[in-house]
Amino acid sequence: MKNSADVDGASLIDTNVWFSHLRPCHLDDRDAILQATLDIEMSLTGRSDMFQLNIFFAEASKELRNAVKLFESGMFDAAFYSVRSAVELARVVAYFSGDDDPASSELYETWKKGGWFPLDGKIRKNLSEDCAPFQEVKDALPKFFDERNNALHRANKYIHRQGFHTFYSLIQRPETRYVGYLHVMRDEFHSFIMGAVTEIILLRLSVDPFPI
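Residues numbered from 1 in each chain as written. Predicted model: local features only at pLDDT ≥ 70, side-chain atom pairs only at ≥ 80, totals over all residues. Heavy atoms only, no water.

Asks: Give a detailed account of the overall build of the chain, specifying residues and quantitative values.
Replies: When its secondary structure is counted, the chain shows 10 helices and zero strands. For the chain, the spread of C-alpha atoms along the three principal axes comes to 70 × 45 × 30 Å. Looking at the chain as shown, the accessible area adds up to about 12,100 Å², and 56% of this sits on carbon and sulfur atoms. Separation of charge centres in the chain, based on 24 positive and 31 negative side chains, amounts to 6 Å. (Helix = DSSP H or I, 4+ residues; strand = E, 2+ residues; numbered from the N terminus. Areas by Shrake-Rupley, 256 points an atom, 1.4 Å probe, with all protein chains shown as cover. Lys, Arg positive; Asp, Glu negative; His and termini not counted. Charge placed at Lys NZ, Arg CZ, Asp CG, Glu CD.)

Following this line, the structure appears as structure tokens:
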């Protein structure tokens with residue numbers, strides 16, 4: 001008598017059973033978002049001391065694309081996290097840009113070796129206080145950055161799974177009190193990733209104002 005696995009190790013039970021909690025859904029403006037990630041990736045800085053750090057923006061762009069794929073596959077908590085991580089990477093390279101020789105700095109060397117590195121909160125504080133180009137951008141768009149802070153707070157509820165509206169077990173339930181969960185989450189994610197694209201573009205401009 002065979003057990004529940006075939007010769008390849010795959011379950012004989014329909015795999016859809018194991019992933020029935022996922023609710024794939026289409027993301028509005030997906031093509032525009034994906035195109036924007038490509039534009040960011042291709043907007044190479046002209047700063048010779050920063051050229052090898054273009055890979056940070058390329059990686060952030062790929063994380064945004066991953067987020068689109070994850071969200072449309074129904075893995076929304078991972079999708080929110082991927083967006084957050086993309087913006088954090090863009091902040092890191094903006095943080096490096098304040099050094100006289102970023103690609104040779106001790107801070108960058110420490111980062112490459114996986115040594116102690118400031119958390120995102122410290123980096124955000126540093127950019128706001130010590131990075132003049134970023135300060136100018138932030139001062140010009142205070143409402144945008146206030147909303148980004150609020151959006152991050154809301155996204156963290158999904159990432160850290162706080163509140164029943166973040167549970168896979170409940171977003172698919174038909175009862176009236178649950179029926180709006182999926183719709184609200186979809187709108188929240190759409191707003192979060194659109195804002196992230198804009199924020200990464202602004203961080204890119206703070207590194208080098210050469211037009212994107």
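Now, onward.
Asks: Please give an account of the nonpolar core that cites residues and values.
Replies: In this structure, F189 and I200 are the most contacted members of the largest nonpolar core, which totals 55 residues. If you tally residues by element for this core, the top one is helix 4 (residues 76-96), at 13 residues. If sequence neighbours within four positions are ignored, I200 has contacts with I40, F57, A60, L64, A86, V87 and A90. (Core = buried A, V, L, I, M, F, W, Y, C linked by side-chain atoms within 4.5 Å. Buried < 20%, exposed > 50% of the residue type's maximum accessible area, 1.4 Å probe, protein only. Contact = heavy atoms within 4.5 Å.)

Asks: Could you give an account of the pattern of salt bridges, naming the residues involved and the relevant values?
Replies: Between side chains of opposite charge, a pair can form when the charged atoms approach closely. The full count for this structure, using the stated rule, is 13 salt bridges. Across the pair E41 and K62 runs a salt bridge whose closest N-O atoms are separated by 2.7 Å. Taken as a pair, E41 in helix 2 (residues 30-42) and K62 in helix 3 (residues 54-72) lie far apart in primary sequence, 21 residues in all. Classification of K62 by relative accessible area gives partly exposed; the value is 35%. (Salt bridge = Lys/Arg side-chain N within 4 Å of Asp/Glu carboxyl O.)

Asks: Residues and numbers for the side chain of T37, please.
Replies: By the secondary structure assignment, T37 is in helix 2. A polar contact is formed between the side chain of T37 and the backbone oxygen of L34, at a distance of 2.6 Å. In contact with T37, other than residues within four places in its own chain, are S61, L64 and R65. (Polar contact = N/O pair within 3.5 Å; in protein donor to acceptor, adjacent residues only side chain to side chain.)

Asks: How would you explain helix 6 (residues 120-130) if you had to name every residue and give the values?
Replies: Residues that lie three or four places apart on an α-helix share one face, since the helix turns once every 3.6 residues. Among all positions in helix 6, only D120, I123 and L127 are buried. For helix 6, the angular spread of the buried residues around the axis is 60°, confining them to a single face. Buried residues along helix 6 sit against helix 4, helix 7 (132-140) and helix 10 (181-207). (Arc of directions from axis to C-beta.)

Asks: Outline the packing of helix 3 against helix 4, listing residues and values.
Replies: With their axes 8 Å apart at the nearest point, helix 3 and helix 4 run at an angle of 170° to one another. Taken together, the axes of helix 3 and helix 4 are roughly antiparallel relative to one another. Facing F56, F57, E59, A60, E63, L64, N66, A67, L70 and F71 of helix 3, the residues of helix 4 in contact are F76, A78, A79, S82, V83, S85, A86, L89, A90, V92, V93 and F96. (Axes fitted to C-alpha atoms, helices over the stretch in contact; angles between N-to-C directions. Parallel < 35°, antiparallel > 145°, perpendicular 65-115°, else oblique.)

Asks: Pulling in residues and values, what's your account of the packing of aromatic side chains?
Replies: Counting across every chain of the model gives 17 aromatic pairs. A ring pair is formed by F56 and F96, whose centres lie 5.7 Å apart and whose planes are at 75°; its orientation type is edge-to-face. With F56 in helix 3 and F96 in helix 4, this residue pair connects regions lying 40 residues apart in the sequence. With a relative accessible area of 4%, F56 lands in the buried category. (Phe/Tyr/Trp six-rings, centres within 6.5 Å; stacked < 30°, edge-to-face > 60°.)

Asks: Give me the environment of F192: which residues, what numbers.
Replies: One can find F192 in helix 10. The class of F192 is buried, set by a relative accessible area of 3%. What F192 contacts, discounting residues up to four positions off in sequence, is F80, V83, R84, R148, A151, L152 and A155.

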